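Below are the chains, spelled out letter by letter.
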Amino acid sequence: MAHDSTSIDPRSGFCKSSSTFYSKRKPLSLPPNEFLDITTFISSRPQSSKIAFIDASTGRHVTFPDLWRAVDSVATCLSDLGIRKGDVILLLSPNSIYFPIVCLSVMSLGAIITATNPLNTPQEIGKQIADSKPILAFTTPSFVSKLDDSGLPVVLLEENSKRGNDGNSSVKARVISSIEDMMRKEPSQGRDRDRVRQDDTATLLYSSGTTGMSKGVELSHRNLIGTVQTFIERLQLEEGEQTFICTVPMFHVYGLVMLATGLLATGSTVVVLSRFEMDHMLSAIDRYHVTYLPLVPPILVVLTNHADAIRARYDLGSLKTVVSGGAPLSKEVTDGFLAKYPTVAILQGYGLTETTGIGASTDSVDESKRYGTAGLLSPNMEAKIVDPESGEALGVNQTGELWLRGPTVMKGYFSNPEATTSTLDSKGWLRTGDLCYIDEDGYIFVVDRLKELIKYKGYQVAPAELEALLLSHQEIADAAVIPYPDKEVGQYPMAYVVRKAGSNLSESTVMEHIAKQVAPYKRIRRVAFVSSIPKNPSGKIVRKDLIKLATSKL
């Protein structure tokens, strides 16, 4: 957006006349070509590193030439199957070196990738399928059964596919190929492909957004290119080639946009952990000389608390940088870590699925020394701090809801105009649902969440989803779910339950009722029985009263 740079305070980035904070970072120049897909954008970058991905458990690796050959082959097979621009493809898989190949192939055709958490129940996956309407699924043999009711044709992600050996005839009937078979296909040259525009949708990632039930976040090729360009600029500040370790799930925006695809544009190597396990991660850092470790705060706490034992077993000397996201780091945690690992820099990032994983970051050790900050606005990003009650835009050091606008802000929520208009305004401002202030030097500080999401080890848990499941129990008259603070995991779901008259429902029965229906990270871990749930005049649960009640005993 055009603005008069003379009226911007160079220190804070704040412009009084527009009540807008502008990024102090060097602006990015984004590709002007309207017809450009994210796969072409990444593959056309110079890639100096020989190896793109390493599987931490098997040591199998994929070089850059092998990767792009595999992407072309899989895209050719998908095209032969009739996959076209705008078709949705489901990816249900733990982290693997196949994950990026599938994503890049699908997006190169202008088709849309929707990934889901392998921990989700068939019921939860079914909801995503009903909403996004994929026409094909990629999954591993161990998760095929979760798609039994979907009727989708399946491509198996495994080496040397052993199709049909499990004796499950329904699986055999629906499995149409394997990734390895597809990767052996001769890529077709000169095939007529649909022209993909930057504004076309590339991914459909499910997030609870600022409130309520899970929604499909539509991210365009332009959104992804904006985020990847930010990584490229950021890593140009580093000396030498970097080796990253993928600790976060690739179905999550951070894992998919950064680790599964975006870092390829920088020529970096990514070591892939199929699942997060502390010793597995540490031995991989040691073995593959990892320089960059993206993580969530609970992992940082473990590294700090057990530093002596860890260093006795593993050589972490290659590690130069830790990037933390998901929640702000306190002074104690930051100082504690730096005391134990003095040669490692800590950087922080802030972003949402709705902003393609970025929004603000600290890009140097000096910036990270501003304890508790989410950093400076990302390049090309604008912000407003808005009073949630009056809607008035506020200035420096005033707390309100953070609104963001920029090239990485989503197109909207898939097939959900109501949710889109309540989150994105007509001028492109995204309401983040986070209460923040921006200080006199332009640093963002997250104070609280207006939105109701519970953050369990960086995973999002929507109270509304758990409340609906609680109310399905015949002995529960009313229920509310709140975040309960926990040092190890950040927060976990706690339920307040009103029993029906005459019921002797126990805490453990309530927990089991939910555990059967949701992924492990969504489980309720504490229950309190009450006579009524506090609600405002419009019938909304007054969660802050319940949070106060729960935490008053801490």
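What you are looking at is a predicted structure, and each value in this text was computed from that prediction instead of being measured.

Observations concerning the overall build of the protein chain
Check the secondary structure of the protein chain and you find 17 helices and 29 strands. For 554 residues, the compact-globule formula gives about 24 Å, and the C-alpha radius of gyration of the protein chain, at 24 Å, lands near that figure. By principal-axis analysis of the C-alpha atoms, the protein chain measures approximately 65 × 65 × 55 Å. Considering the protein chain as a whole, with its 554 residues, one finds that 56% of them fall into the buried category. For the protein chain, contacts bridging at least 24 residues in sequence account for 66% of all contacts bridging at least 6. With 59 positive and 61 negative side-chain charges, the protein chain shows a spacing of 2 Å between the two charge centroids.

Observations regarding the layout of surface pockets
Estimates place the volume of the second largest pocket at around 580 Å³. In terms of lining residues, the second largest pocket is bounded by 24 residues, among which Asn120, Tyr206, Ser207, Ser214 and Tyr521 are the most central. Secondary structure elements with two or more residues in the lining of the second largest pocket: strand S6 (112–116), helix H4 (122–132), strand S10 (201–207) and strand S26 (459–461). It is H4 that provides the largest number of residues to the lining of the second largest pocket, a total of four residues.

Section: the packing of helix H15 (residues 463–471) against helix H16 (residues 507–515)
Contact geometry of H15 with H16 gives a least axis separation of 10 Å together with a crossing angle of 115°. Taken as axis vectors, H15 and H16 run roughly perpendicular relative to one another. Handedness of the H15/H16 crossing: right-handed. Touching Leu466, Leu469 and Leu470 of H15 are Val510, His513 and Ile514, all from H16.

Looking at the packing of aromatic side chains
Note on aromatic pairs: each is described by the distance of the centres and the angle between the planes. Per the counting criterion, the structure on display carries six aromatic pairs. When the ring centre of Phe529 is taken as reference, the NZ or CZ atom of Arg499 above it lies at 3.6 Å.

Details of the pairing of strand S3 (residues 51–55)
With four of five residues buried, S3 is to be regarded as a mostly interior element. Judged from the three bridges that link them, S3 and strand S4 (residues 61–63) form a sheet pairing that is antiparallel. Along S4, the bridge assignment pairs Ile54 with His61. Between S3 and S4, which pair antiparallel and follow one another directly, the connecting turn spans five residues, one of which, Gly59, has a positive phi of 80°. Note: S3 against strand S13 (residues 269–272), three bridges, orientation parallel. Across the sheet, Ile54 pairs through a bridge with Val271, a residue of S13.

Regarding the environment of Pro141
Counting through the fold element by element, Pro141 comes out in the loop between strand S7 (136–139) and strand S8 (154–156). Sequence spacing of Pro141 and Ser368 is 227 residues, and the spatial spacing of their C-alpha atoms is 43 Å. Beyond its immediate chain neighbours, meaning those up to four positions away, Pro141 contacts Leu156, Leu157 and Glu158.

Points about unusual backbone geometry
Unusually for a residue other than glycine, Lys133 sits at a positive phi of about 50°. Structurally, Lys133 can be placed in the loop between H4 and S7. Classification of Lys133 by relative accessible area gives exposed; the value is 60%. The backbone phi angle of Lys457 is positive, close to 50°, even though this residue is not glycine. Within the fold, Lys457 resides in the loop between strand S25 (454–456) and S26. The class for Lys457 is partly exposed, based on a relative accessible area of 45%.

Digging into the pattern of salt bridges
A full pass over the atoms with the stated rule returns 23 salt bridges. Between Asp279 and Arg313 there is a salt bridge, and its shortest N-O distance comes to 3.8 Å. Highlighted residues: Asp279 in helix H9 (residues 278–288) and Arg313 in helix H11 (residues 307–313), separated in sequence by 34 residues. With a shortest N-O distance of 3.1 Å, Lys522 and Glu465 are connected by a salt bridge. On the criterion of sequence distance, the pair formed by Lys522 in the loop between H16 and strand S29 (526–529) and Glu465 in helix H15 is long-range, its members being 57 residues apart. For Lys522, a relative accessible area of 7% puts it in the buried group. Residue classification places Glu465 among the buried residues on the basis of a relative accessible area of 12%. Among the charged side chains, a salt-bridge network with shared partners connects Arg11, Arg370, Asp439 and Asp441.

Focus: the pairing of S6
Among the five residues in S6, five count as buried, and that is most of the element. Because side chains alternate across S6, one face comprises the buried residues Ile112, Thr114 and Thr116, and the other comprises Ile113 and Ala115, equally buried. For strand S5 (residues 88–92) and S6, the ladder comprises five bridges, and the chain directions are parallel. Directly across from Val88, in S6, lies its bridge partner Ile112.

Some points on the nonpolar core
If you look at the biggest cluster of nonpolar residues, it comprises 75 residues, and the most contacted ones within it are Leu67 and Phe138. A total of nine residues in this core trace back to one element, the largest contributor, which is helix H2 (residues 64–80). In terms of nonpolar packing, the next biggest core, distinct from the first, is built from 32 residues, Val489, Val518, Ile524 and Val527 among them.

Definitions and limits used
- Residues numbered from 1 in each chain as written.
- Predicted model: local features only at pLDDT ≥ 70, side-chain atom pairs only at ≥ 80, totals over all residues.
- Heavy atoms only, no water.
- Helix = DSSP H or I, 4+ residues; strand = E, 2+ residues; numbered from the N terminus.
- Rg over C-alpha atoms; globule rule 2.2 N^0.38 Å.
- Buried < 20%, exposed > 50% of the residue type's maximum accessible area, 1.4 Å probe, protein only.
- Contact = heavy atoms within 4.5 Å.
- Lys, Arg positive; Asp, Glu negative; His and termini not counted.
- Charge placed at Lys NZ, Arg CZ, Asp CG, Glu CD.
- 1 Å grid on protein atoms, 1.4 Å probe; cavity = no way out; pocket = protein on both sides within 12 Å on 5 of 7 lines; lining within 4 Å.
- Points joined across faces, edges and corners; volume = space filled by probe spheres on them.
- Axes fitted to C-alpha atoms, helices over the stretch in contact; angles between N-to-C directions.
- Parallel < 35°, antiparallel > 145°, perpendicular 65-115°, else oblique.
- Left-handed = near helix turned anticlockwise from the far one by under 90°.
- Phe/Tyr/Trp six-rings, centres within 6.5 Å; stacked < 30°, edge-to-face > 60°.
- Lys NZ or Arg CZ within 6 Å of the ring centre and 35° of its normal.
- Pairing = 2+ DSSP bridges.
- Salt bridge = Lys/Arg side-chain N within 4 Å of Asp/Glu carboxyl O.
- Core = buried A, V, L, I, M, F, W, Y, C linked by side-chain atoms within 4.5 Å.

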